[in-house]
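Here are the chains, one letter per residue:
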Amino acid sequence: MFARGAARRISELRHVLRRSPSQATTRSFSTALNYHIDTPDNNTEIQWKFSEANSAKVKEILSHYPLNYKQSAVIPLLDLAQQQHGGWLPVSAMNEVARIIEVAPIRVYEVATFYSMFNRAKVGKYHLLVCGTTPCMIRGSRDIEEALLKHLGVKRNEVTKDGLFCVGEMECMGSCVNAPMITVADYSNGSEGYTYNYYEDVTPKRVVEIVEMLRRGEKPPPGTQNPSRIKAAPEGGNLTLLGEPKPPACRDLDAC
């Protein structure tokens, strides 16, 4: 059984390696096969440095850790590099992070390929992520994704021709009571203007409206998109906890 699985994996690798570099760049997330293929805009020969403003942020991030634990800063530094580079991490940026924290590059690659928050191929300036975990799926997340892909005319993880949008999937966003939901990583203004907002209680119609607001340069209000709800409260208002809660009969709380 193990031998069959290994043979299948090798076959998959051979298939991908036969593809052209342009096809290889469609691998957008860390859930893709964990290897690197040089392309004209992503190879070790390209020099990559943090900007002057972000270099100051690098020093501030490193100050949070003892000098002999610089490697602990790998995730915040990779996140900053990704913000600066328009939402994705070229191998040269990972190498620069490795140089700064004084570790072998493979130690940084291990982190970047493990966490799905790091993108190793180009994404849109507005990276739309649809929650695909069970509560959101039950509440219609597949319809949300379908509406986005159809409206933008792309496949999952494919960037629109104008470079503005791409749609991906993300696992649990932690607001199941407001399912379904999406998040928008906004890289349109670089690391200085970077935002990461959640939009909850969305519908197919509402996500299309959000996309068009972003296209016009507007900032859709994050949070619940249901006008009948306040944050995570029940639609129509609370049905419980309408007054002061009764203390347990076995304790005199005033005596505490």
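Residues numbered from 1 in each chain as written. Predicted model: local features only at pLDDT ≥ 70, side-chain atom pairs only at ≥ 80, totals over all residues. Heavy atoms only, no water.

K.L.:
For the overall build of the protein chain, give the residues involved together with the corresponding values.
P.N.:
If you tally the helices and strands in the protein chain, you get nine helices and five strands. Ordered by position in the sequence, the α and β elements of the protein chain form the string α-α-α-α-α-α-β-α-α-β-β-β-α-β. Relative to its full complement of 256 residues, the protein chain shows a buried share of 39%. Taking as baseline every contact in the protein chain between residues at least 6 positions apart, the subset at least 24 positions apart corresponds to 61%. (Helix = DSSP H or I, 4+ residues; strand = E, 2+ residues; numbered from the N terminus. Buried < 20%, exposed > 50% of the residue type's maximum accessible area, 1.4 Å probe, protein only. Contact = heavy atoms within 4.5 Å.)

K.L.:
I'd love a proper account of a nonpolar patch on the surface, names of residues and values included.
P.N.:
Nonpolar side chains collect at one region of the surface, where Phe-114, Tyr-115 and Met-117 lie side by side and expose about 330 Å² of accessible area between them. For Phe-114, the position within the fold is in helix 6 (residues 105-114). With relative accessibility at 63%, the residue Phe-114 sits in the exposed group. (Patch = residues over 30% accessible without salt bridge, like charges linked within 9 Å, V, L, I, M, F, W, Y side chains within 5 Å. Areas by Shrake-Rupley, 256 points an atom, 1.4 Å probe, with all protein chains shown as cover. Salt bridge = Lys/Arg side-chain N within 4 Å of Asp/Glu carboxyl O.)

K.L.:
Would you mind going over helix 5 (residues 91-101) in detail, with residue names and values included?
P.N.:
Since the α-helix advances by 3.6 residues per turn, residues separated by three or four positions end up pointing in the same direction. Extensive coverage of helix 5 is indicated by the burial of nine of its eleven residues. When we look at burial in helix 5, the residues that qualify are Val-91, Ser-92, Ala-93, Met-94, Glu-96, Val-97, Ala-98, Ile-100 and Ile-101. Of the surrounding elements, those touching the buried residues of helix 5 are helix 3 (52-62), helix 4 (74-84) and helix 6. Two residues or fewer after helix 5 comes Glu-102, characterised by a positive phi angle close to 60 degrees.

K.L.:
Can you tell me about the packing of helix 8 (residues 141-152) against helix 9 (residues 204-215), naming the residues and giving the values?
P.N.:
The interhelical angle for the contact between helix 8 and helix 9, taken along N-to-C directions, is 40 degrees, at an axis separation of 8 Å. Considering the angle they form, helix 8 stands oblique to helix 9. When you trace helix 8 past helix 9, the crossing you get is right-handed. Within the contact between the two elements, helix 8 uses Asp-143, Ile-144, Ala-147, Leu-148, His-151 and Leu-152 and helix 9 uses Pro-204, Val-207, Val-208, Val-211, Glu-212 and Arg-215. Its residues placed into classes, the contact of helix 8 with helix 9 shows eight nonpolar, one polar and three charged. (Axes fitted to C-alpha atoms, helices over the stretch in contact; angles between N-to-C directions. Parallel < 35°, antiparallel > 145°, perpendicular 65-115°, else oblique. Left-handed = near helix turned anticlockwise from the far one by under 90°. Nonpolar A, V, L, I, M, F, W, Y, C, P; charged D, E, K, R; others polar.)

K.L.:
Give me the lowdown on the pairing of strand 1 (residues 126-131), citing residues and values where you can.
P.N.:
Across the six residues of strand 1, six count as buried, placing the element largely inside the fold. Here strand 1 shows no split at all, with Tyr-126, Leu-128 and Val-130 on one side and His-127, Leu-129 and Cys-131 on the other all buried. Examined bridge by bridge, strand 1 and strand 2 (residues 165-170) share six bridges and lie parallel to one another. Paired with Val-130 across the two strands is Glu-169, which belongs to strand 2. Both strand 1 and strand 3 (residues 181-186) contribute to a ladder of five bridges, which runs antiparallel. Bridge pairing in strand 3 links Val-130 to Ile-182. (Pairing = 2+ DSSP bridges.)

K.L.:
Can you tell me about unusual backbone geometry, naming the residues and giving the values?
P.N.:
A cis geometry characterises the amide bond from Ala-179 onward to Pro-180, with omega recorded as -5 degrees. Take Pro-180: it is sitting in the loop between strand 2 and strand 3. Of note, Glu-102 is a non-glycine position whose phi angle comes to about 60 degrees, a positive value. Relative to the elements of secondary structure, Glu-102 occurs in the loop between helix 5 and helix 6.

K.L.:
A description of the side chain of Thr-113 should follow, citing residues and the corresponding values.
P.N.:
Secondary-structure assignment places Thr-113 in helix 6. On the accessibility criterion, Thr-113 (17% relative accessible area) is buried.

K.L.:
Describe the nonpolar core, listing the residues and the values that go with them.
P.N.:
Grouped together as the largest cluster of nonpolar side chains are 21 residues, with contacts concentrated most on Phe-50, Leu-77, Leu-78, Leu-89, Val-97 and Val-108. When contributions to this core are tallied by element, the ones reaching two or more residues are helix 3, helix 4, helix 5 and helix 6. Counting residues per element, this core draws most heavily on helix 5, which supplies six residues. Among the nonpolar cores identified, the runner-up in size contains 20 residues, and Tyr-126, Leu-128, Leu-149 and Tyr-199 belong to it. (Core = buried A, V, L, I, M, F, W, Y, C linked by side-chain atoms within 4.5 Å.)

K.L.:
How would you explain the pairing of strand 4 (residues 195-200) if you had to name every residue and give the values?
P.N.:
Bridge count for strand 3 against strand 4 is six bridges, and the pairing is antiparallel. Each residue of the ladder has a partner; that of Asp-186, found in strand 4, is Thr-195. Sheet topology note: the strand 4/strand 5 (residues 223-224) ladder contains two bridges and is parallel. Counterpart to Tyr-199 in the pairing with strand 5 is Gly-223.

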